[in-house]
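Single-letter residue listing:
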Amino acid sequence: MERASQITFFLLLIIHSGIAQNATTSGADEFPVGVILNLESLRGKMARTSILMALEDFYTAHRNYSPKVVLHIRDSKSNSIEAASAALDLLENYSVQVIIGPQTSSQAAFVSDLGNKSQVPVISFTATSPSLYSGSLPYFVRATLSDSTQVNSIASLIKAYGWRQVVPIYEETDYGRGVIPHLIDALQEIDVRVPYRSVIPLSATTEQITKELYKLLTMQTRVFLVHMSPDLASILFTMAKEVGMMKKGFVWIMTDGLTNVIDSTNPSVMEAMNGVLGVKFYTPKSEELDNFTIRWNRRLQIDNPNDPPLKLSIFELWGYDTIWAVAQAVENLGIKNKTSFQKPAVARNMTSLGTSVYGPDLLKTILQYKFRGLSGHFDLSGRQLQASTFQIINVVDKGWKEIGFWTAENGISRRLYHGESMTRHSGLASDLNPVIWPGKSTEVPRGWEAAVNRKKLRVGVHVSVYPQFMTSGKDPITGATKAEGLSIDVFEEAVKRLPYALPYEYVAFGTTNDTSTGGYDDFVYQVYLKKYDIAIGDITISENRMSYVDFTLPYTESGVAMVVPAKSSRTNNTWIFVEPLSRDLWLGSIILLFYTWVVLWLLEFLGNNTNILGEVPRKLGIMTFFSLFGDTGTM
């Protein structure tokens, strides 16, 4: 990429060698700033309106500031060469001291190379590729988030739902490729695999996209991460719905480049995206933002009367705050000298492109200025905005709902904690609001399904004499083998717990009555012969069977027992007859006996029996006999 930018740079120098060498001198009260946008796109028109309003609002609030920033806006026409050509025009003929833009990461790479050579800060509020942030581009400032800042929030979201494989779908541009290494690293930290990468050319037709989607459909992974421009993503989601990939069981996640502009997505595309999850930069609500939104909507309609109504996104807010940061830096720097560029004594490379007088100090001043803007805390001290909070959303019907937040301090949470002391969340799906998944399902997708063209595992089943362990039979409609019982339940539960798809089919074998061909030894031996991949059932583990197959750990066991004569030291004890009853039972019996004596004696005494005072031993014997064997009616 660096070699390509150098070649393009020298080509542009040759092209511009014929341009007038005398730069236009700005007035004493003007500070020239260049702006490069793709004015053919809706996003470029939206950014232009935001930038113009920012400059008007700034000098309405600071009427006495001088010199004042003057914007020179150029159209990149969605082309990197055009963007670099526009930058050369602004530097040579207008001596701009700052270049704002361009929009795409590939265009920003070319323009930043010119900014380095002329020591003019290049500030982009839309170029998010991580590859742009390096020591080789010291004059490039990213007034937006790098794509790499969102990968941890995406990884936390994937981990919360327990998905183990993810397929990224991204466009074949600097923007698309830039985030992938960071994403892979974040997923590896949570033990999530990327079995395939789907790369979509920016010029791909609907037929090419459909072909790629059918290829994805034949794989077992059902979790897809989409990272591409809004226009290409609109085609992707529309085609995904047509081929049946927006139904129950599928998971779609959008990066913030798409989610940040979700409010401006076409309603028909939103309908196709139902159930999609997305992460977006969280913009704190404020009265100033509400007022600006109303004014911006009115101004955009006036500036572009033939375009459909659009909704404000975070990118327009970053553009607005960028203008405020530049204008305030110009004032803080206190520029008085009208000479803004130092021209080389001898023109090199057939051009008079010099170096900015104010560039280094202006860059330093911009990076030091911090304030709270419409987008929230605006701090470019690290030459790019830092991630603070991401909002997790769920596309529902023709809008979206909030399901939670992610911060580096607290991880995933259902609500946002503003400076409150709290313990870190568990990071589970229970920490988020319920999600409406594709197909309007409320059941969390498991993230994989059996591949269409994948060979199924052959599972041998054997009819058991104990139906509780296994029964099998043929489905009268499909003809497939069905099996039930404890052995089947154990096997199917183990399959459910695997982190990947395992398609299988049951294959019946013999009967227990056929000892020659239907016995368990023959059944197990079929695995060795590779007729079955595995065999399940109430199979006893024996030494001869272990010689040609491997067994799992037993899920039920009968145990090993021995029958031996019992030995007791109390065998010849005289009081062995008391062993059948416990001590408490003997005590209760004795108490009952005495109770019966007392009752009999009272009955006889109250009946004026004259023999009650007779011989005591004889009477006690009679009372004991009747208490145990007799009828208490007479004595």
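Residues numbered from 1 in each chain as written. Predicted model: local features only at pLDDT ≥ 70, side-chain atom pairs only at ≥ 80, totals over all residues. Heavy atoms only, no water.

- Going by an unreviewed UniProt entry, the protein chain carries the name Ionotropic glutamate receptor C-terminal domain-containing protein and comes from Triticum aestivum.
- In UniProt, the protein chain has this text filed under Function (unreviewed entry): "Glutamate-gated receptor that probably acts as a non-selective cation channel. May be involved in light-signal transduction and calcium homeostasis via the regulation of calcium influx into cells." (UniProt positions renumbered as here; feature names shortened; annotations may be inferred.)

**Observations regarding the overall build of the protein chain**
Step number 1: Summing up its helical and strand segments, the protein chain has 19 helices and 22 strands in all.
Step number 2: Scored against the burial criterion, the 635 residues of the protein chain give a buried share of 47%.
Step number 3: Put simply, of all contacts in the protein chain between residues at least 6 apart along the chain, 68% involve residues at least 24 apart.
Step number 4: By element, 55% of the accessible surface of the protein chain is carried by carbon and sulfur atoms, the whole surface being about 33,400 Å². (Helix = DSSP H or I, 4+ residues; strand = E, 2+ residues; numbered from the N terminus. Buried < 20%, exposed > 50% of the residue type's maximum accessible area, 1.4 Å probe, protein only. Contact = heavy atoms within 4.5 Å. Areas by Shrake-Rupley, 256 points an atom, 1.4 Å probe, with all protein chains shown as cover.)

**Side note on the pairing of strand β18 (residues 457–462)**
Step number 1: Counting buried positions over the six residues of β18 gives five, a clear majority of the element.
Step number 2: Sheet topology note: the β18/strand β21 (residues 504–509) ladder contains six bridges and is parallel. If you follow H462 over to β21, its bridge partner there is F509.
Step number 3: Examined bridge by bridge, β18 and strand β22 (residues 534–536) share three bridges and lie parallel to one another. When the bridges of β22 are listed, G460 appears paired with A535. (Pairing = 2+ DSSP bridges.)

**Comments concerning the pattern of salt bridges**
Step number 1: A full pass over the atoms with the stated rule returns twelve salt bridges.
Step number 2: Two residues, K248 and E443, come together in a salt bridge whose shortest N-O distance is 3.4 Å. Of this pair, K248 sits in the loop between α9 (230–242) and β9 (251–254) while E443 sits in the loop between β17 (411–413) and β18; the two residues are 195 residues apart in sequence, bridging distant segments of the chain. Accessibility assignment for this pair places K248 and E443 in one class, exposed.
Step number 3: Each of the salt bridges in this network shares a partner with another, and the network as a whole consists of E56, R299 and D303. (Salt bridge = Lys/Arg side-chain N within 4 Å of Asp/Glu carboxyl O.)

**So, the layout of surface pockets**
Step number 1: By volume, the second largest pocket amounts to about 1,000 Å³.
Step number 2: If you go around the second largest pocket, you meet 33 residues; those closest to its centre are G537, I539, F551, T552 and Y555.
Step number 3: Every element with two or more residues in the lining of the second largest pocket is listed here: α15 (486–496), α16 (520–528) and β22.
Step number 4: It is α15 that contributes the most residues to the lining of the second largest pocket, five residues altogether. (1 Å grid on protein atoms, 1.4 Å probe; cavity = no way out; pocket = protein on both sides within 12 Å on 5 of 7 lines; lining within 4 Å. Points joined across faces, edges and corners; volume = space filled by probe spheres on them.)

**Focus: the environment of T556**
Step number 1: Locating T556 in the fold gives a position in the loop between α17 (543–546) and α18 (583–606).
Step number 2: For T556, a relative accessible area of 42% gives the class partly exposed.
Step number 3: Between the C-alpha atom of T556 and that of L486, which follows or precedes it by 70 residues, the distance is 9.8 Å.

**Some details on the environment of I169**
Step number 1: Its location among the elements puts I169 in strand β6 (residues 167–171).
Step number 2: Under the relative-accessibility criterion, I169 is labelled buried at 1%.
Step number 3: Between the alpha carbons of I169 and M254 there is a distance of 9.8 Å; along the sequence they are 85 residues apart.

**Quick look at the UniProt feature "transmembrane region" (unreviewed entry) in the protein chain**
Step number 1: According to UniProt, the feature "transmembrane region" (unreviewed entry) maps to residues 585–603 in the numbering used here.
Step number 2: Taken as a whole, residues 585–603 contains 100% helix and 0% strand, while its terminal C-alpha atoms sit 27 Å from one another.

**Considering the sheet that holds strand β7 (residues 198–200)**
Step number 1: Strands sit in the order β7-β6-β8-β9-β10-β15-β16-β17 across an open sheet of eight strands; the sheet is mixed. The open sheet terminates on both sides in strands that have one partner only, identified here as β7 and β17. This sheet shows a mean twist of 25° between the axes of neighbouring strands, independent of strand direction.
Step number 2: Pairing geometry for strand β16 (residues 399–407) and β17, over three bridges, is antiparallel. Across the sheet, the residue bridging to F405 is S413, located in β17. (Axes fitted to C-alpha atoms, helices over the stretch in contact; angles between N-to-C directions.)

**Some points on the packing of helix α2 (residues 42–61) against helix α12 (residues 287–303)**
Step number 1: Between α2 and α12, the least distance of the axes is 10 Å, while the angle of their chain directions is 120°. It follows that α2 is oblique to α12 by the angle criterion. Crossing hand, α2 versus α12: right-handed. On the side of α2, the interface is formed by K45, M46, T49, S50, L52, M53, E56 and D57, while α12 contributes F292, R295, W296, R299, L300 and D303.
Step number 2: Looking at the contact of α2 with α12 residue by residue, the classes come out as six nonpolar, two polar and six charged. (Parallel < 35°, antiparallel > 145°, perpendicular 65-115°, else oblique. Left-handed = near helix turned anticlockwise from the far one by under 90°. Nonpolar A, V, L, I, M, F, W, Y, C, P; charged D, E, K, R; others polar.)

**Points about the sheet that holds strand β1 (residues 30–37)**
Step number 1: The parallel open sheet is built from five strands, whose spatial order is β2-β1-β3-β4-β5. Of all the strands in the sheet, just β2 (68–75) and β5 (140–142) have a single pairing partner and so form its edges. Taking each pair of neighbouring strands and ignoring which way they run, the sheet shows an average axis angle of 25°.
Step number 2: One ladder, built from two bridges, connects strand β3 (residues 98–100) with strand β4 (residues 122–124); its direction is parallel. Within β4, the residue paired with I99 across the bridge is V122.
Step number 3: Contacting β1, β2, β3 and β4, helix α13 (residues 314–333) runs over the sheet at an angle of about 170° to β3.

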